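Below are the chains, spelled out letter by letter.
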Amino acid sequence: MRKKSHQPALFVHHVSPRVDEVNGYFVQNGAPHREAEDFYHVYENRHWTNTRGNFIKNWKIVAARWIASLWQMPSQSLSESRPSDYHTVPHSS
């Protein structure tokens, strides 16, 4: 019996998301518009590749991690690092 050899694809067609798709995804997930723009430009400049240089197969997974990291930031650095359109609820004293 012959073993099957796994051959990688010679060329994988990659289609990056449009900026309006990214904006819509961020808005649907409660993230500020500015974060969507930042995310889009970071990955557009990287040609939609991960840190290992491989094309990102599902940008929504990467975007979900980006959005989740927003809510994990300490409140002090959050207010210092987020743009003015980032809305937070003030703490009551």
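It should be noted that the structure appears before, not after, this text.
Worth saying up front: this structure is predicted, and the values here are computed from it rather than measured.

Quick notes on the rules
Residues numbered from 1 in each chain as written. Predicted model: local features only at pLDDT ≥ 70, side-chain atom pairs only at ≥ 80, totals over all residues. Heavy atoms only, no water. Salt bridge = Lys/Arg side-chain N within 4 Å of Asp/Glu carboxyl O. Buried < 20%, exposed > 50% of the residue type's maximum accessible area, 1.4 Å probe, protein only. Helix = DSSP H or I, 4+ residues; strand = E, 2+ residues; numbered from the N terminus. Contact = heavy atoms within 4.5 Å. Arc of directions from axis to C-beta. Core = buried A, V, L, I, M, F, W, Y, C linked by side-chain atoms within 4.5 Å. Axes fitted to C-alpha atoms, helices over the stretch in contact; angles between N-to-C directions. Parallel < 35°, antiparallel > 145°, perpendicular 65-115°, else oblique. Left-handed = near helix turned anticlockwise from the far one by under 90°. Nonpolar A, V, L, I, M, F, W, Y, C, P; charged D, E, K, R; others polar.

Further remarks concern the pattern of salt bridges. Enumeration according to the criterion identifies four salt bridges in this entry. A salt bridge links R18 to D20, with the shortest nitrogen-to-oxygen separation between them at 3.0 Å. Note on D20: relative accessible area 44%, which makes it partly exposed. In this structure, R18 and E21 form a salt bridge, with 4.0 Å as the shortest nitrogen-oxygen distance. Linked through salt bridges whose partners overlap, the residues forming this network are R18, D20 and E21.

Among the secondary structure elements, A31 is positioned in the loop between α1 (19–28) and α2 (33–45). With near-sequence residues (within four places) excluded, A31 lies in contact with F26, I67, L70 and W71.

The next subject is α1. Those residues of α1 lying buried are V22, N23, Y25 and F26. For α1, the buried positions fall inside an angular range of 165° around the axis, keeping them on one side. Counted as exposed and oriented over 90 degrees from the buried face of α1: V27 and Q28. Contacts from the buried residues of α1 go to α2 and α3 (59–72). G30 sits one or two positions beyond α1 and adopts a positive phi of about 75°.

Next up on the list: the nonpolar core. In terms of nonpolar packing, the biggest core is built from 16 residues, with V22, F26, F39, Y43, W48 and W59 touching the most fellow members. Put simply, the parts of the chain that give this core at least two residues each are α1, α2 and α3. With six residues, the single largest contributor to this core is α3. Leaving out residues up to four positions away in the same chain, Y43 has contacts with W48, T49, I56, V62 and W66.

Contact geometry of α1 with α2 gives a least axis separation of 9 Å together with a crossing angle of 135°. The orientation of α1 relative to α2 falls into the category oblique. The handedness of the crossing between α1 and α2 is right-handed. Residues V19, V22, N23 and F26 of α1 form the contact with α2, whose own contacting residues are H33, E35, A36, E37, F39 and Y40. Counted by class, the contact of α1 with α2 contains six nonpolar, two polar and two charged residues.

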